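Summary of the model geometry
The primary structure of each chain is shown beneath.
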Amino acid sequence: MSIIEILFWFLSLLALGSATMVVASKSPVYCILYLILTFFAISGHYILLNAQFLAIVNIIVYAGAIMVLFLFVVMLMNLNADSEPHQKNKWLLYMGGIAGGSLLLVIVAALKQGAETGQLVQMNSGNIGLIKNLGMILFTDYVFPFEISSVLFLSAMVGAVVISKREV
Amino acid sequence: MNNTLQIVWLIPFLPLVGFLINGLGRNNLSKTLTGIIGSGVILASFLISVFVFFSVKSGNTHVAHYFDFINTPSLKVGFDFQTDQLSTLFLLIITGVGFLIHLYSTSYMHEEKPKDFAKYFSFLNLFIFSMLVLVMGGNYIIMFIGWEGVGLCSYLLIGYWFKNNDYNNAAKKAFIMNRVGDLGFLLAVFWLLSKLGTTDYHQVFALVSDPQKKVLSLFDITGITLLLFVGATGKSAQIPLYTWLPDAMAGPTPVSALIHAATMVTAGIYMIARSNILFTMAPATQSVVAIVGLATAILAATIALKQHDIKKVLAYSTVSQLGYMFLGLGVGAYTGAVFHVMTHAFFKALLFLGAGSVIHSMGGEQDIRNMGGLKKYMSITHLTFLLGCLAIAGMPPFSGFFSKDEILAATFAKNPVWWGIGVLGALMTAFYMFRLYAMTFLGKFRGTRDQEHHLHESPAAITFPLIILAILAVTGGWIGIPELFMHGGHRLEAFLEPIFAQSKEMAVKHEISNASEYLLMGISVLGALVALLYAWNKYSRYQKIEGEETGIGKVLAHKWYIDELYDSVIVKPLQLVAAFLSNVIEKNVIDGFVNGVGKAVNYGSRQIRLLQSGQVGTYVLLMVFGILILFIIQLFL
Amino acid sequence: MNAIILTAAWGIIMMFGGVFFKTKARPKYWAVAGLFLIFIANFLELRSGEPFFAIDVKHMLSFNSFNLTFISVALGCTLLFFLLSGRDIERVGANVSEYFALIFFVLCGVCLAATFNTLLILFLGIEIMSIPLYVLTGSDKRNLKSNEASLKYFLMGVFSTGIMLMGIAFIYGGNSEGSFFINNINLGEGRMPVMIAIGLVFLMIAMSFKVSAAPFHFWTPDVYDGSPTVFTSFMATIVKIAGFIAFIRLFENSFGKIQNQWQMLIAIITAATLFIGNLTAVFQQSVKRMLAYSSIAQAGFMLLAIFALNDTAKEGLILYAAAYSLATIGLFAILIKLYDYTIDGFNGLGKQQPVLAVTATIFLLSLTGIPLTAGFQSKLFMLMAALRDGHQHWLVLFAVLCAAISAYYYFKIIQAMFFKEEGQNIRDHGSIAAGADISPAFKLLLIITAILIIVLGLFPTLITDWLHYIP
Amino acid sequence: MPVYYYIFLAVALFSIGVIGVLIRRNAIIIFMCVELMLNAANLLLVAFSKMHHQALGSINPVSGSDAQIFVFFIMVVAAAEVSVGLAIIIMLYRNTHSVDVNFLNRLKN
Amino acid sequence: MLGNDITIPHLLIFFPLVAGLITFFLKKEAWVKAWSLLTAIITLFVSLASIYYRNNLELSGLTFNYEWLKYMGASFAVSLDGMARLLTFLTAFSFPVIFIATYRNSYKNSKVFYGLMLLSQAGLMGVFLSSDALLFYFFWELALIPVYFLCSRWGGERRIPATFKFFIYTFTGSLLMLIGIIYVYLHTGATQFSDHSFSLQAFHSVLLIPSQQDWLFWLFFIAFAVKMPIFPFHTWQPDIYEQSSAAVTMVLSGVMVKMGLFGIIRWLLPMFPVAVGKFDNVIIWLSVTGMIYASLIALKQDDLKRLVAYSSIAHIGLMCAAIFTTRQMALEGVMIQMFSHGINIIGMWIVIELIEKQLGTRKISELRGLAHKAPVLTIMLVVIALANIALPLTNAFIGEFMMFGGLFKFNMWCAAVAGVSIILAAVYTLNMVQKVFYGEANALTATAREISLNEKIILSVIVMTIFMSGIYPQPFFELTKDTVAAIITKFK
């Protein structure tokens, strides 16, 4: 059992466990922290897959910026475990669990039939994930989407302004 | 086409003109004018008919084609008038008797308002028109036009006093029962059409009687003739459709005389006589006709025994006489039947008009129990009435004797038992007629005071037709004197020979010896005489006795409860079914289903919108279930 | 190309315009003018096939008569929408020019969704379409319903985004070519690979969500009901049909060859959509909400195009887009003016505002699919396409019966307008809301819209012929 | 390392996210669960990119890289969504002082 | 843009259409009435011209074809064959009669009323004239819409639900037909520009295997059956006749029900001969049942309008049965009967309308002895009623006789059963006449007065028509023999 596999299993379990805790834990703050943990685990996977750029971006953008934003909001509203509305409707609770679980089951069962899922994934080698190469591609082939995403940001910005500007 | 008989269109046309003039100008014309026009047109067409008669007698028959009534690839119906011996004879009867009755009416209906008077005459003219179309039609469809037309006129005339609801009911009954018959007639015509593709008498009879190619199977012929006979029963008031005729007496008496005694009710006989070949080729039908006729004759006679309404008695006697005619047709004595039609037209019209004259002077009273002894008040009426009674009772040498005897003779040849029953009926006829006569004219008056001093002989316009008809009733029979009295005495048979020739040779001959024929005559005449005398002296001292009849008498007085039977077997169930359909099936089942769909949609809408609970959680849950279903279908099915 | 760039640019202009515009009315005129120019530009591109800006997009976009025709239709409908409802946009809130800016961004997304050639652009386009809409939905900030609507829309929208991404990932994984280009997907022989299948279902679900097809429609009534009516009008028409174009282009180009393997799913979705949409609409009292459900029902009919996936279907889809948008925009424009949004609010409109009533009647007839209106022609095309496809005739029968149900609720409004007496509160306030004014120009525009509908009903080829136009 | 490990991992994360969306009532946490779903997709994409690179790298040295670009764009979009989404949630919180989605039932039926 | 030469079919369609649109903008009620009456009369003359010119050979004036949707193979094709002439004439004849008969009535904003009336006339004309399936469907619906508004706007209390039911019912039917049309269209052969065609010839020559014909047959038939209507699709009819205003009822019952029969003859029979041969027994027995059923229900009606409605259902049932016998005689009968039925029932409505206008009731139980007060009215009604029960020398006799004849050829028992309805018809008609007109006048009817001159004139016009076409029906047969022949050849 190579080190890579050990790391893989460790990170997977970490990701799954913390993800479960995101769903399970009462206090929103804990949820956020567990989510950050999950993201770290995922970034770890990226590193295993030698997608360094994404790993970094994931940590900086997601775990860093976005999650902190979440945290701020939660703090701002000072939500905590006892202010947390917990699901009274047990029926919905169970049904939700069953539905999600069976979704997993269905897809897994489907994939079991598929032959092409046996292909190998290239671990910690191959250089496509390096910032240099991705940068090259991003600013040559993918320049148009890149530009277009600016429109996305603009609209998001305008939207945020429109929504949160106090009307006088 | 330049046949003199081309002008026969005038015969029905004139009454039509009369109808139009009287009908449209009813508000402006004076009574006298109306009467003159009304009767005048009939007289004119009578004269033309006489001319036509002689033309035909000289052997000139003709089918006049005027225009194509219907002319399509599938159906050709010419508007044709056929003038031959048979139709000519009927023309004479209709226009002749018709004219007399018009004349009679001018005085009889004189109390009416000018407007209604005109209405009455226009209807009467219309009737004559339809009747003429009926007998002159060159094919079954034209005949059917007249056939329905006379039904309509009788409806209008029975309901002439439309304020009285019973009269309207009687009229309606007459029309509807006729319709039942008409349906049979129509179906027969369709049958002919579908088999032969034509309804022209000539072609039909030619095709049918052609021995080479059997165009009609026996089943076809029997079916057709039976259906035709159904039509006849409706029009000519035979079992089972006879009950309308007695009720039809609601109409004015001249109407009863004209339509319900002399002419319209004989349409059935005319029709069968016209299509005699068909009937001769369908022995089964013939026996049916004979039996039905016989049964009707007896049944009606029995009922007539116990009636107290003078017109009702005559009505039932009419039904019974018609029965005899059908018996005649049934046994193949077509000439005899037609002969009896003619004589019956004379004496029955006479009797009705006489009765009318009586009713007139009794101030509308019709119950013979309140009459009696009218002899000394109204002598002409009395005398003519007596002659009429003798004629109908079949006393030689009055007309009734000859015609009825011919029928009975033929019947005996066919089937002695039928003959026996027929004779029995004849006896009853004699009995109830003289019961009627005695109770009306003999004995002493049983009416009220003012009725009594109001009694008077009717004016000339009434008596004149009576006298004419009386003469005819007496002498009318002499054109048909049997062979054994006088060789070649049966001039009518000679005259009608061309019509019935084919049937004659087809039909199986039953010859009966002169001796037995004498015997039969003797029996019937003597029997009738006995019945006659018995009734005479029994009822000439009739006293009014209160209280209901009992036993069989009651049944007879209630006409064998036939009306009640029909009411409970046909009318009431029909009403019930109709009510059930309109209240239950229509409202609840069919419309219920349609509205039910709408309700279902509304209900479904009300339920399904509850899915939209407003809860994001539920929405997502449902979505996930949707996802699952799609996955399962796509991946595992 | 022109449309994409210009809409983005004009969106930015409107955005900054918020600083300079003095009066509230000013932005509208700018927006109308700009949109008009964009419309012209796009039309010229359609005619000449030559964009103004020659940008190498590395085949990530594809422009053909179909896309461009659709874009012109969408832009035209939006122009009409501005003209009819511009005043009401001003009445929504303070940030008028921002609203316009957002709408322009949405249009940019619409153009992308109509012309995408890779899944990446599809994803971006749909996001660009959606994000401003979350905002517009919530733009009536004081109104709790508006807030609620926008949050619901947002949460379920991102949920569907997740599903879509999952689908894209699986498609990518299953595609041995290892590419996102929609016409470069290796479907293998015979039955498609499992990963493709999973991805396909995920994508289908995501698209169904965008076009609010059952059972992924649940957001639609609430969002349409909650958001400011003007924006409902915009969402229910242009955005929805854009979703359909994306849907049909995706499934035609990438999975058209194996249609028989997924046709059943679409058939089921279509049937469910028709059923739920029509049946639920029957009982609605609020016309706004009823129109939301009717939009679902109409979506069901449009899905027939994706079910059939042939030329008639494409023609029909564009025609349907135009007919449905025209009628719905007009109807909403009238609805906004009313004092009472329930059906009773329409009572006696025929007497009070004959022009509005008559035009509304024409719009409703078009939605019902009565001949002489564009609605009939579009339904005709759809049924024709579905029958021509030759499978699942039951679906066509079902669709027609649902159309019969739709007559039921559309005609309830007609009845209210012409045959019912006004209620008490209408008699007090009048049918028309306080702030709303019915200018002659507005009436004229309504009449023009109605005439457009009838002209399209007589000569649908005016639009459909452009699909076969070769520059 | 066979790809289906990653697939199962990603699908598991995705399902957990879905479950979270289903059973939590706090809007923010639901949103976070959606983020979890997005990340599952990201992970899957990266895994596939490497898979394709494994398979096709010899032919095309940059094969599979576009998936990583895609992931990048997903993060971009996620960031934008977050800004808008949190703004909406805050607006709602301003008006109702709650982030409980079950209170959102003014619109129904 | 509709071709360079305006032809008679165009005038028949567009003249009422344009005039109707103009009517909406007229101010004074008097003008509206005069204008629409004028229009109707001119239309009548146009259709008379169309009949007059039937013999001259240049048919270009009578058929016209404009490429409408070229690439769909749909064209604005209108043509006048015998049946179309007959029915357009019926339409053109009814409207002036209706306008004159109801000239006294005044309606709330009458301009809309008359405008819609004229539009519905245009729609009807279109239905009868169009020889292109798509066009046919267009007009089929367009004739419905104005009537929908007419019925819901003017009439009795329960008019709105009744009309709604009527509309949904017929709309569903026509949508089913639409599917059928499209399906057949997709099986037609290619034309110059399009791979399929909507033209009448293409539809008549389309080749369909029996299994397809079977269900297509029902798709079409239900649409027509609802329109006619025949049992058991008839329940909308009595309500709508009872509720809607007189003029509209006349249009509905006089002309509009003919659309269904026309549709069957023009489209259904030639397209699906096999299916017709397969289902004719079913349909005919259905119709015959309907005849008896409707007649029995008519016995129980107390409202004059409902009574006539049910009797009309019975008559239509006979026509439907006759059509499906596909016997020449029957079809000839149907042709003339389509006209006669229109005339008679319009006459009936006019009389009922007059009674209701005078006495404010249609309840048979409340009316008695009108004959004293209004003899002319009585005579007219009696004549019309007798025509209604097909007495010889009235127009209805010819038609019914031939239809029964054909039915008998098809199946004698069928004819026998159907014949019972003749008797029942006599029963309920005479009941009605007796109850309403005979007997002593009661307090209500004592106030009745004789009808006015123009009413007399219009009624006598109808009575004239009844007798003329009853005594000399030949022109009708001449007019329609080509149509009948065309159909019969399909079933040889």
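Here's a quick rundown of the structure. (Residues numbered from 1 in each chain as written. Chains lettered and ligands numbered in written order. Predicted model: local features only at pLDDT ≥ 70, side-chain atom pairs only at ≥ 80, totals over all residues. Heavy atoms only, no water.)

Brief notes about the interface of chain D and chain A
The following threshold applies: When checking whether two residues touch, look at their non-hydrogen atoms; a contact exists if any pair is within 4.5 Å. When two parts are put together, the accessible area they lose, computed with a 1.4 Å probe and summed over both, is reported as buried area. Here a polar contact is recorded for every N or O atom pair within 3.5 Å, except that within protein the pair must consist of a potential hydrogen donor and a potential acceptor, and residues adjacent in sequence are included only if both atoms are side-chain atoms. Secondary structure elements are taken from DSSP: a helix is a run of H or I of four residues or more, a strand is a run of E of two residues or more, and numbering for both begins at the N terminus. Here the term charged refers only to Asp, Glu, Lys and Arg, the term nonpolar to Ala, Val, Leu, Ile, Met, Phe, Trp, Tyr, Cys and Pro, and the term polar to all other amino acids, Gly among them.
Taken residue by residue, the interface counts 73 residues in chain D and 81 residues in chain A. Regarding the contact of chain D and chain A, the summed buried area is about 6900 Å², with carbon and sulfur atoms giving 78% of it. A per-residue breakdown of the area chain D buries against chain A is headed by Met1(D), Met32(D) and Lys50(D), which together make up 11% of the total. Between chain D and chain A we count nine residue pairs in polar contact (both at pLDDT 80 or more) in total. Elements that contribute at least two residues to the side of chain D that touches chain A include exactly α1 (3-23), α2 (27-56) and α3 (65-96) of chain D. Top element by residues in the side of chain D that touches chain A is α3(D). It accounts for 24 residues. Residue composition of the side of chain D that touches chain A, by class: 52 nonpolar, 14 polar and seven charged.

Some points on the packing of helix α8 (residues 210-227) of chain E against helix α11 (residues 273-299) of chain E
All names here are of chain E. Put simply, the rule is: Angles here are taken between N-to-C directions and fall from 0 to 180 degrees, while the axes themselves are lines fitted to C-alpha atoms, restricted in helices to the stretch in contact. Should an angle fall under 35 degrees it is taken as roughly parallel, and over 145 as roughly antiparallel, whereas 65 to 115 is taken as roughly perpendicular and any remaining angle as oblique. With the far helix as reference, a near helix turned anticlockwise by less than a right angle produces a left-handed crossing, and one turned clockwise produces a right-handed crossing.
The geometry of α8 relative to α11 is characterised by a closest axis approach of 8 Å and an angle of 55° between their N-to-C directions. When the axis of α8 is compared with that of α11, the two are oblique. Here α8 and α11 pass one another in a crossing that is right-handed. Together, Pro210, Gln213, Asp214, Phe217, Trp218 and Phe221 of α8 and Pro273, Val274, Ala275, Val276, Lys278, Phe279, Val282 and Ile283 of α11 make up the contact between the two elements.

Quick look at the nonpolar core
Put simply, the rule reads: Within this scheme, the nonpolar core is defined by two criteria: the residues are buried Ala, Val, Leu, Ile, Met, Phe, Trp, Tyr or Cys, and they are joined through side-chain atoms within 4.5 Å. Burial classification: accessible surface area is computed with a 1.4 Å probe over protein chains only, and a residue below 20% of its type maximum counts as buried, one above 50% as exposed, and the rest as partly exposed.
One finds Phe170(C) and Phe324(E) to be the most contacted residues of the largest nonpolar core, which totals 779 residues. Dropping the residues within four chain positions of it, Phe170(C) is found in contact with Ile107(A), Leu111(A), Met195(C), Ile198(C), Gly199(C), Phe202(C), Ile7(D), Val11(D), Leu44(D) and Phe48(D).

Overview of the packing of aromatic side chains
One pair of aromatic rings is described through two measures. These are the centre distance and the angle between the planes. Threshold: For Phe, Tyr and Trp, rings pair up if their centres lie within 6.5 Å, where Trp contributes its six-membered ring, and each pair is then called stacked (planes under 30 degrees apart), edge-to-face (over 60) or tilted (otherwise). Over a ring means this: the NZ of a Lys or the CZ of an Arg is within 6 Å of the ring centre and within 35 degrees of the ring normal.
Enumeration over the complete set of coordinates arrives at 126 aromatic pairs over all chains. Ring geometry for Phe190(B) and Phe404(E): centres 6.3 Å apart, planes at 20°, overall stacked. Placement of the pair is Phe190(B) in helix α6 (residues 165-196) and Phe404(E) in helix α16 (residues 395-410), with the two residues belonging to separate chains. In this structure, Phe190(B) and Phe404(E) share a single accessibility class: buried. Arranged with centres 5.8 Å apart and planes meeting at 25°, the rings of Phe14(E) and Phe76(E) form a pair that is stacked. Residue Phe14(E) is found in helix α1 (residues 8-23), and its partner Phe76(E) is found in strand β2 (residues 74-79); the two are separated by 62 residues along the sequence. Sitting over the ring of Tyr4(D), Lys112(A) keeps its end group 6.0 Å from the ring centre. Above the plane of the ring of Phe193(E) lies Lys70(E), whose end atom (NZ or CZ) is 4.4 Å from the centre.

Examining the arrangement of the chains
Ranking the eight pairs of chains in contact by contact count places chains A and D at the top. Nowhere do chain D and chain E come into contact; their C-alpha atoms are at least 25 Å apart.

Quick word on the interface of chain C and chain B
Short version of the rule: In the sections that follow, a salt bridge refers to a side-chain nitrogen of Lys or Arg positioned within 4 Å of a carboxyl oxygen of Asp or Glu.
Counting residues at the interface gives 34 residues for chain C, matched by 24 residues for chain B. Taken together, both faces of the contact between chain C and chain B bury some 2700 Å²; the carbon and sulfur share is 77%. If you sort the residues of chain C by the area they bury against chain B, Met156(C), Phe218(C) and Phe283(C) come out on top, with a joint share of 23%. Across the chain C-chain B interface, the total number found is zero salt bridges. The interface formed by chain C and chain B contains eight residue pairs in polar contact (both at pLDDT 80 or more). The set of elements that each furnish at least two residues to the side of chain C that touches chain B consists of α6 (144-174), α7 (194-210), α8 (219-226), α10 (259-282), α11 (287-308) and α16 (393-419) of chain C. It is α10(C) that provides the largest number of residues to the side of chain C that touches chain B, a total of 10 residues. Of the residues belonging to the side of chain C that touches chain B, the class tally is 26 nonpolar, four polar and four charged.

Focus: the pattern of salt bridges
For the structure on display, the rule yields 35 salt bridges over all chains. For the salt bridge of Asp214(E) with Lys278(E), the shortest nitrogen-to-oxygen distance reads 2.5 Å. A residue pair is termed long-range when its members are at least 10 positions apart, and Asp214(E) in helix α8 and Lys278(E) in helix α11 qualify at 64 residues. Accessibility expressed as a relative area gives 14% for Asp214(E), which makes it buried. Residues joined in a network through salt bridges with shared partners are Asp591(B), Arg158(E), Lys165(E), Asp239(E), Glu242(E), Asp303(E), Arg306(E), Glu356(E), Arg362(E) and Lys363(E).

Some thoughts on the environment of Asn276(B)
Residue and element names in this part refer to chain B. Mapped onto the secondary structure, Asn276 falls in helix α12 (residues 276-281). Residue Asn276 is classed as buried on the basis of its relative accessible area of 1%. The residues touching Asn276, leaving out its near neighbours within four places in the chain, are Tyr334, Ile499, Phe500 and Ser503. Reaching out from Asn276, the side chain makes a polar contact with the side chain of Ser503 at a distance of 2.4 Å.

Everything listed here is a matter of geometry and, on its own, says nothing about what the molecule does.
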